[in-house]
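Working through the structure, step by step
These are the residues of each chain, in order.
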Amino acid sequence: MFKLNENYLKLPGSYLFSTIGKKVNAYSAAHPDKRIIRLGIGDVTQPLAPAIIEALHRAVDEMGHAETFHGYAPDLGYEFLRDTIAENDYRARGCDISPDEIFVSDGAKCDSSNIQEIFGLDNKIAVCDPVYPVYVDSNVMAGRTGTYDKNTETWSDVIYMPCTAANGFAPELPKETPDLIYLCFPNNPTGATVTKAQLQEWVDYANKVGAVIIYDAAYEAYISDADVPHSIYECQGAQTCAIELRSFSKNAGFTGVRLGFTVIPKELKCGDVMLHSLWARRHGTKYNGAPYIVQRAGEAVYSEAGKEQLKQQVAYYMKNASYIYNGLKEAGFTVSGGVNAPYIWLKTPGSMTSWEFFDMLLENVNVVGTPGSGFGPSGEGYFRLTAFGSYENTVEAVDRIRTLKL
Ligand SMILES: Cc1ncc(COP(=O)(O)O)c(C=O)c1O
């Protein structure tokens, strides 16, 4: 008789965004005349930039001719893309990362959930609270998190690092020593960032205690402040303690196209064993690679035209971010994020819970956001709005929120 992976049964409740979806659908069915504005889910809305569309068309045409047809992709990804990434994302920033330390993938969700596989089950993970849920849930599925406490909404074997207003939404070094540390900056959901000096402290700490930092830099394109690092490899010593995850979803609108990559420096070792070798083995065995067409589209992200067009796309979303940030601040809300990140993290008014605020916004002004408590207990009393909507919808949503008497 077959047996289940019972770890899956330990996962609490339904996924945050499916609960939101159900509530919005129910409201919409009961009030078909209302125009709901969605600033909840972190999906982009602008079309792919022309340079990317042109690259996609060219690559599609290549696939139609025997001489230029491409079958299975190389395990790590095409060299043309890995070379471009190494040059633009790393060498141009003074980071010593070579193309063969880059693994092309179909995105950071898969990489951030799969990476735990190359570590033993007895590793202890540390996560920020609130946190992108994938880091914790993938470790739950693997059986690394112990038991769930419904009251505190925490796992017994996970180290939580609260990110609150008191610490500027940047975690402090944990009291208990972790083996794997998940960090994400600019942060989803809080929109917070850390300076290079702050990140250096984490790198020094990880090297000292022998931990690995899994650094999710999916939102690095939104950084505008000079002292905020784009890559963890800008810090001294990161090569021996850090894995970096990147995505093309938010910098280039690839949420429906799918492309990302993971960097594992060859210096990152456990004894004599390179983590790079384990991930290469996993990639070769369990993954077919991102499509040739998509990798060519990814290459176009780094072309002169692509860079210019994407700079404008990021600026478009950041104009939304600043409209939300300033509009809500003027209206008396306590807001953070939204400067180097496309997320605005706002304190719910009075003693309202995150879900009470969600319901109130949906019912009174037909605006959808994401309850902060869905990202972890320290997110209670907070609410996330994304800058990924259209400018017109963003303006209308903020103006509607401002009419509320709170
Ligand atoms: C922190 C973080 N990492 C990763 C992802 C997923 O990226 P991708 O679309 O490349 O899977 C998201 C998506 O919202 C995210 O917020």
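Residues numbered from 1 in each chain as written. Predicted model: local features only at pLDDT ≥ 70, side-chain atom pairs only at ≥ 80, totals over all residues.

**Overview of the sheet that holds strand β3 (residues 125-129)**
The condition that has to hold: Note: two strands are recorded as paired if DSSP finds a minimum of 2 bridges between them. Going along the chain from the N terminus, every DSSP run of H or I of four or more residues is numbered as a helix, and every run of E of two or more is numbered as a strand. Fitted lines through C-alpha atoms serve as axes, helices being fitted only where they are in contact, and the angles separating the N-to-C directions of these axes extend from 0 to 180 degrees.
With mixed pairing, seven strands are arranged side by side in an open sheet as β2-β10-β9-β8-β7-β3-β6. Either end of the sheet is taken by a strand with one partner, and the two such strands are β2 (102-105) and β6 (158-162). The mean angle between the axes of side-by-side strands here comes to 20°, regardless of whether they run parallel or antiparallel. Pairing between strand β7 (residues 180-184) and strand β8 (residues 212-216): five bridges, direction parallel.

**Looking at the site of the ligand**
Rule in force here: By definition, a residue lies near a molecule or strand when the C-beta atom built from its backbone is within 6 Å of it. For this classification, Asp, Glu, Lys and Arg are treated as charged, while Ala, Val, Leu, Ile, Met, Phe, Trp, Tyr, Cys and Pro are nonpolar and the rest, including Gly, are polar.
What surrounds the ligand is a group of 14 residues, the closest being Gly107, Lys109, Asn188, Ser247 and Ser249. Here the element with the most residues in the shell around the ligand is helix α5 (residues 108-114); it accounts for three residues. Its residues placed into classes, the shell around the ligand shows four nonpolar, eight polar and two charged.

**Details of the nonpolar core**
Heads up, the rule is: As used here, a nonpolar core is made of buried Ala, Val, Leu, Ile, Met, Phe, Trp, Tyr and Cys residues. They are joined through C-beta atoms within 7 Å. With C-beta atoms placed from the backbone, a residue is buried if 20 or more other C-beta atoms are within 10 Å of its own, exposed if 12 or fewer are, and partly exposed between those counts. Domain extents, as shown, originate in an automatic or database domain assignment.
Counting residues in hydrophobic clusters, the biggest one holds 113 residues, and the most contacted among them are Val127 and Ile213. Counting residues per element, this core draws most heavily on helix α11 (residues 304-330), which supplies eight residues. Residue-level mapping places this core at the junction of two domains, with at least three residues from each of domain 1 (13-42 + 307-402) and domain 2 (52-302).

**Focus: the domain arrangement of the protein**
Threshold: In this description, a residue-residue contact is defined by the distance between C-beta atoms placed from the backbone, which must lie within 7 Å.
Along its sequence, the protein is carved into domain 1 (13-42 + 307-402) and domain 2 (52-302). Taking only C-alpha atoms into account, the centre of domain 1 sits 26 Å from that of domain 2. Contacts between the two partners involve 24 residues from domain 1, matched on the other side by 32 residues from domain 2. Listing elements by their share of the side of domain 1 that touches domain 2, those giving two or more residues are α11, β13 (335-337) and β14 (343-347). With five residues, the top contributor of residues to the side of domain 1 that touches domain 2 is α11. Split into classes, the residues belonging to the side of domain 1 that touches domain 2 amount to eleven nonpolar, eleven polar and two charged.

**Quick look at unusual backbone geometry**
Omega for the bond connecting phenylalanine 185 with proline 186 falls within 30 degrees of zero, at -10°, which places this linkage in the cis form. Following the sequence through the fold, proline 186 ends up in the loop between β7 and α7 (196-209). That bond from asparagine 188 to proline 189 is cis: its omega, 20°, falls within 30 degrees of zero. The topology assignment puts proline 189 in the loop between β7 and α7. For glutamate 153, which is not glycine, the phi dihedral falls at a positive 55°. Mapping glutamate 153 onto the fold places it in the loop between β4 (148-149) and β5 (154-155). In this structure glutamate 153 comes out as partly exposed when scored by C-beta crowding, with 16 C-beta atoms within 10 Å. For phenylalanine 169, which is not glycine, the phi dihedral falls at a positive 60°. For phenylalanine 169, the position within the fold is in the loop between β6 and β7.

**Topic: the sheet that holds β14**
Paired through backbone hydrogen bonds, the strands of a sheet run either parallel or antiparallel to each other. Taking strand neighbours across the sheet as the criterion, the four strands line up as β13-β14-β17-β16 in an open arrangement whose pairing is antiparallel. Each edge of the sheet is formed by a strand with only one pairing partner; in this case those strands are β13 and β16 (370-371). With two bridges joining them, β16 and strand β17 (residues 382-386) adopt antiparallel strand pairing. Opposite threonine 370, over in β17, you have arginine 384 as the bridge partner.

**Structural notes on the packing of helix α3 (residues 50-63) against helix α10 (residues 292-300)**
Note the threshold: For any helix crossing, the convention is left-handed if the near helix is rotated counterclockwise from the far helix by under a right angle, and right-handed if that rotation is clockwise.
At a closest axis distance of 8 Å, the pairing of α3 and α10 adopts a crossing angle of 150°. Viewed along their axes, α3 and α10 form a crossing whose handedness is right-handed. Residues Ala51, Ile52, Ala55, Leu56, Arg58, Ala59, Val60 and Met63 of α3 lie in contact with α10, whose contacting residues are Tyr292, Ile293, Arg296, Ala297, Glu299 and Ala300. When its residues are assigned to classes, the contact of α3 with α10 shows eleven nonpolar, no polar and three charged.

**Looking at the packing of helix α4 (residues 79-90) against α10**
In plain terms, the rule: Just so you know how the angles are binned, under 35 degrees is roughly parallel, over 145 roughly antiparallel, 65 to 115 roughly perpendicular, and the rest oblique.
Contact geometry for α4 and α10: axes closest at 9 Å, N-to-C directions at 25°. Relative to α10, the element α4 is oriented roughly parallel. Crossing geometry of α4 relative to α10 is assigned as left-handed. On α10, the residues that touch Phe80, Leu81 and Thr84 of α4 are Gln295, Gly298 and Glu299. The residue inventory of the contact of α4 with α10, partitioned by class, reads two nonpolar, three polar and one charged.

**A short note on the environment of valine 365**
Along the chain, valine 365 turns up in helix α12 (residues 354-365). By the C-beta count within 10 Å, which is 19 here, valine 365 ends up partly exposed. C-alpha of valine 365 to C-alpha of arginine 402: the two residues are 37 residues apart in sequence and 9.5 Å apart in space. Apart from residues lying up to four places away in sequence, valine 365 is in contact with Arg400, Ile401, Thr403 and Leu404.

**Digging into the environment of serine 373**
Considering the arrangement of structural elements, one finds serine 373 in the loop between β16 and β17. When the C-alpha atoms of serine 373 and serine 354 are compared, they prove to be 6.0 Å apart, with 19 residues separating the residues in sequence. For serine 373, the residues in contact, after removing those within four places along its chain, are Thr353, Ser354, Trp355, Gly379 and Glu380.

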